[in-house]
Amino acid sequence: MTLLDAVLSLSEAPARDEALQRILRALARATAADALSVLTAADDGSVGVAAQIGLSPAALGLSFTPAEHPRLRRATLAAGPIRFLDPSEPDPYSGWLLGNTGEIHPIHACMAVPLRVQGRLAGLLTLDACDPQGLRGLGDDDARVFAGLCAGALRLDGGAGLALSAGARRAADPAPGGGALPGRSAAMRRIEREIAVLAPLSVPVLVTGETGVGKELVARALHERSPRASRALVIVNCAAIPAQLVESELFGHRKGAFTGATAARAGRFEAAHGGTIFLDEIGELPLAAQAQLLRALQEGEIQPVGEDRARRVEVRVVAATNRDLRREVAEGRFRADLFHRLWVYPICVPPLRERREDIPALCERFAAEIAAELGAARVDFTEPALRALTQAAWPGNVRELKNAVERAVLRRTMAEGTGAAGRELVLRREDVDAGDDGGSDERGAARIELAEERLWLTGAPPEAPVEPLVEALERARREAFARAFRAAGGNAAMAGRLLGVSRSFAYKEAVRLGLIPPPEPRRR
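Remember, it's a predicted structure, so these values are computed and weren't measured experimentally. (Residues numbered from 1 in each chain as written. Predicted model: local features only at pLDDT ≥ 70, side-chain atom pairs only at ≥ 80, totals over all residues. Heavy atoms only, no water.)

1. Details of a nonpolar patch on the surface
Piece 1. Nonpolar side chains collect at one region of the surface, where Leu374, Leu410 and Met414 lie side by side and expose about 280 Å² of accessible area between them.
Piece 2. Along the chain, Leu410 falls in helix α15 (residues 397-415). (Patch = residues over 30% accessible without salt bridge, like charges linked within 9 Å, V, L, I, M, F, W, Y side chains within 5 Å. Areas by Shrake-Rupley, 256 points an atom, 1.4 Å probe, with all protein chains shown as cover. Salt bridge = Lys/Arg side-chain N within 4 Å of Asp/Glu carboxyl O. Helix = DSSP H or I, 4+ residues; strand = E, 2+ residues; numbered from the N terminus.)

2. With respect to the packing of helix α2 (residues 16-30) against helix α4 (residues 140-154)
Piece 1. Two numbers describe how α2 lies on α4: the axes approach to 8 Å, and their chain directions differ by 170°. Judged by the inter-axis angle, α2 sits roughly antiparallel to α4. Between α2, through Arg16, Ala19, Leu20, Ile23, Ala26 and Leu27, and α4, the contact on the second element is made entirely by Phe146, Leu149, Cys150, Ala153 and Leu154.
Piece 2. When the residues that make up the contact of α2 with α4 are grouped by side-chain class, the tally is ten nonpolar, no polar and one charged. (Axes fitted to C-alpha atoms, helices over the stretch in contact; angles between N-to-C directions. Parallel < 35°, antiparallel > 145°, perpendicular 65-115°, else oblique. Contact = heavy atoms within 4.5 Å. Nonpolar A, V, L, I, M, F, W, Y, C, P; charged D, E, K, R; others polar.)

3. Re the nonpolar core
Piece 1. One finds Leu20, Leu115, Leu125 and Leu127 to be the most contacted residues of the largest nonpolar core, which totals 30 residues.
Piece 2. Here this core takes eight residues from α4, the largest share from any one element.
Piece 3. Here Leu127 is in contact with Leu27, Thr31, Ala33, Ala35, Leu36, Ala109, Cys110, Met111, Leu135 and Leu138, once residues within four sequence places are set aside.
Piece 4. Leu206, Val246, Ala272 and Ile282 belong to the second-largest nonpolar core, a separate cluster that totals 29 residues. (Core = buried A, V, L, I, M, F, W, Y, C linked by side-chain atoms within 4.5 Å. Buried < 20%, exposed > 50% of the residue type's maximum accessible area, 1.4 Å probe, protein only.)

4. Let's talk about the sheet that holds strand β6 (residues 120-129)
Piece 1. Read across the open sheet, the six strands follow the order β3-β2-β1-β6-β5-β4; overall the sheet is antiparallel. Two strands bound the open sheet, and with one partner strand each, they are β3 (63-64) and β4 (82-83).
Piece 2. Across two bridges, the pairing between strand β2 (residues 47-53) and β3 is antiparallel. Its bridge partner lying in β3, Gly48 is registered against Ser63.
Piece 3. Across the sheet, helix α3 (residues 70-77) lies against β2, β3, β4, β5 (109-117) and β6, angled at about 40° from β5, the strand it touches most.
Piece 4. Contacts from α4 reach β1 (35-41), β4, β5 and β6 within the one sheet, and its direction differs from that of β5 by about 45°. (Pairing = 2+ DSSP bridges.)

5. Considerations on the pattern of salt bridges
Piece 1. Overall, the coordinates contain 32 salt bridges when judged by the stated rule.
Piece 2. Between Arg265 and Glu249 there is a salt bridge whose closest N-O contact spans 3.6 Å. With Arg265 in the loop between α8 (246-251) and α9 (268-271) and Glu249 in helix α8, this residue pair connects regions lying 16 residues apart in the sequence.
Piece 3. Arg265 gets classed as partly exposed once you look at its relative accessible area, which sits at 34%.

6. A closer look at the side chain of Arg412
Piece 1. Take Arg412: it is sitting in helix α15.
Piece 2. Not counting chain neighbours up to four residues away, the residues in contact with Arg412 comprise Leu425, Val426, Leu427, Arg428, Glu430 and Asp431.

7. With respect to unusual backbone geometry
Piece 1. Despite not being glycine, Glu281 shows a phi value in the positive range, around 55°.
Piece 2. Along the polypeptide, Glu281 turns up in the loop between β9 (276-280) and α10 (287-299).
Piece 3. Of note, the phi angle at Asn397 is positive, near 60°, even though the residue is not glycine.
Piece 4. In this fold, Asn397 is placed in helix α15.
Piece 5. The exposure class assigned to Asn397 is buried, which follows from its relative accessible area of 0%.

8. Points about the sheet that holds strand β12 (residues 316-321)
Strand-to-strand pairing in sheets goes through backbone hydrogen bonds, with the strands running parallel or antiparallel.
Piece 1. Taken in spatial order, the five strands line up as β8-β9-β12-β7-β13 in an open sheet, and their pairing is parallel. A single partner strand is all that each edge strand has here, and the edge strands are β8 (233-237) and β13 (346-348). Strand after strand, the sheet turns through a mean of 20° between neighbouring axes, direction not considered.
Piece 2. By the bridge criterion, four bridges tie strand β7 (residues 205-208) to β12 in an arrangement that is parallel. Bridge pairing in β12 links Thr208 to Thr321.
Piece 3. Relative to β13, helix α6 (residues 186-198) is tilted by about 160°, and along the sheet it contacts β7, β12 and β13.

9. Describing the confidence of the model for the protein
Piece 1. Overall, the predicted model of the protein reaches an average pLDDT of 80, with 82% of residues at or above 70.
Piece 2. The model gives residues 157-179 a pLDDT under 50, and that stretch makes 37 contacts with residues more than four places away or in other chains. (pLDDT = per-residue confidence, 0-100.)

10. With respect to the pairing of strand β15 (residues 424-427)
The side chains of a regular strand alternate, first on one face of the sheet and then on the other.
Piece 1. Alternating residues of β15 divide into Leu425 and Leu427, all buried, and Glu424 and Val426, none buried.
Piece 2. Sheet topology note: the strand β14 (residues 378-381)/β15 ladder contains four bridges and is parallel. Paired with Val379 across the two strands is Leu425, which belongs to β15.

11. Some words on the environment of Ala42
Piece 1. Relative to the assigned elements, Ala42 resides in the loop between β1 and β2.
Piece 2. Residues Ala42 and Leu121 lie 79 residues apart in sequence; the distance between their C-alpha atoms is 9.5 Å.

Take a look at the structure:
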């Protein structure tokens, strides 16, 4: 019944990834393999793990360059199943077996089958068994049947279960250098499909979601998978531009248009001509700039400050916000006509707590990034550490998770007392500050984080002398404002949002505390 189960998996599964997982489960019942995987081929020649059984959860989404792995290179060139008998060849999955971060013993059973769709390489089916005889019961013809089912599953759209057209497949594939969006959750697969449809078009796109969910990654993917990928992607943080300079920054100005305009200057829209402009935090734009932006969207024209004539620009606009723009329109802070112009097709990025299955892949990505920065050979996670990260609340979303992984790597490096260069680090549960209960009690985790934060702010051990309350509060206030302004790059509006206060209060308090210089007196 195993082969029948695999066939039914292809016909009954609602989506590609589910079909692949079911086929691998059927194959696992037919063999003594300890690890099975399906890798998909990208246009740049790399192969990435799309489905797996028996590997670390963080392996999902892992990408390999076949030229760097002899077995994968041979498998991609093979005409059929290939069994690897040379123990001197390294196995790409060494260190990735579930619950085993060490090297796979050189003498073990390993085979791969190329997956081909319409004559082109679509991916690989791989099997590993620690027992050298573990794959003896799987004949080459049976392996070809399972590979054929996997190849059929690769032709399924991620959600609709229909064959992709060649154009849609090119749009769905990440552009070279662009990379796929991290995560394999249903929500991220939905966003990938939306990007595949929207990327080739020129319509405006509004990306919504909480702070830190990765809205900029979506904007980059839209640009890098579009016909505009060879042109500029200009990123503008609307919240970081002083209100009186917004129009000049976006649309440029002529010499002498205002005090300090000592030379003509092109704006961000002209810099993005032929490409894409990403307007992050668009809800922060003042109403006057919104009117100009509407004209740029409707007519393809901008008017630099101080000029009488408009200029033509050809720019694709992608905007992002963490605000409820419908409410902003109702309360008169955002133009209704601009809202409707941007709301052609919104992409909503859900918070990390609603797509926890993406966390292992994100952790692996962030760990690899800091490992490269530190010169470490590799960073891995114990199961308790990865479980704690997966179950934590993460109110700061992906940005907070990245910070937590980086802290964990640094803690492990310091705990072991030697530099990270050339070493393999394994992060333990005590390295991860995700809450003692793994995040199920968000308030408890918040209390722990707050306690750690207070210790960091004061820098004093518990036995330090008690200081007057007024002095302690003033020092804590100064440190909190200093950290917020550093994180915001000196922008008062952003620092105010981080602190939960208004922009004007944040600015005035920072001046009072001596964190930023006071405004210069106006000259008459």
